[in-house]
Amino acid sequence: VQLVESGGGLVQAGGSLRLSCAASGSIFSINDMGWYRQAPGKQREPVAAITRGGSTNYSDSAKGRFTISRDNAKNAVYLQMNSLKPEDTDVYYCYANVIRSSPVPIKIWGLGTQVTVSS
């Protein structure tokens, strides 16, 4: 199973980006999916998460500006980021709690996509 992210890039402050992440491989189902961010030398921290049923959670910095969504048929998760600020600059990683042959979910990570917001 692998996750492939896309949609990162360079944007000016106040702009928008949409991150996408799709899971592929031997998957029975996926529980929650979401996004983390990480700066060099710092711990990875959560940004947003969404359950299979569509319930969402956001970090305080993401609330009101970012929207997470998913497409269960495509095993994909998205992060619409609006009103971007320079402090949003980081590498963003998607994750998925994947159920394969065992009922115990396995957390899979993507390789990350760079988001850079210029002032």
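A brief look at the structure comes next.

Cut-offs applied
- Residues numbered from 1 in each chain as written.
- Predicted model: local features only at pLDDT ≥ 70, side-chain atom pairs only at ≥ 80, totals over all residues.
- Heavy atoms only, no water.
- Helix = DSSP H or I, 4+ residues; strand = E, 2+ residues; numbered from the N terminus.
- Buried < 20%, exposed > 50% of the residue type's maximum accessible area, 1.4 Å probe, protein only.
- Contact = heavy atoms within 4.5 Å.
- Disulfide = S-S within 2.5 Å.
- Pairing = 2+ DSSP bridges.

**Comments concerning the environment of Val11**
- Tracing the sequence through the fold places Val11 in strand β2 (residues 9-12).
- By relative accessible area, which is 14% here, Val11 ends up buried.
- Those residues within four positions of Val11 in sequence are excluded, and the remaining contacts are Ser16, Leu17, Leu84, Thr116, Val117 and Ser118.

**Some points on the state of the cysteines**
- Per the stated rule, a full pass over the model turns up 1 disulfide.
- Here Cys21 engages in a disulfide with Cys94; their sulfurs sit 1.9 Å apart. Between Cys21 and Cys94 the sulfur-sulfur dihedral comes to about 45 degrees; the bridge is accordingly right-handed. With Cys21 in strand β3 (residues 17-24) and Cys94 in strand β9 (residues 90-99), this residue pair connects regions lying 73 residues apart in the sequence.
- Note on Cys21: relative accessible area 1%, which makes it buried.
- A relative accessible area of 0% means that Cys94 is categorised as buried.

**Some points on the pairing of β9**
- For β9, a buried count of 9 out of 10 residues is recorded, marking the element as mostly surrounded by other parts of the structure.
- Relative to β9, strand β4 (residues 29-38) runs antiparallel, the two sharing 8 bridges. Counted as the bridge partner of Ile30 is Val98 from β9.
- With 3 bridges joining them, β9 and strand β11 (residues 113-118) adopt antiparallel strand pairing. Residue pairing across strands places Val91 opposite Gln114, the latter belonging to β11.
- Both β9 and strand β10 (residues 106-109) contribute to a ladder of 4 bridges, which runs antiparallel. Note on β10: the bridge partner recorded for Tyr95 is Trp109.

Function cannot be read off these values alone, since they describe shape.
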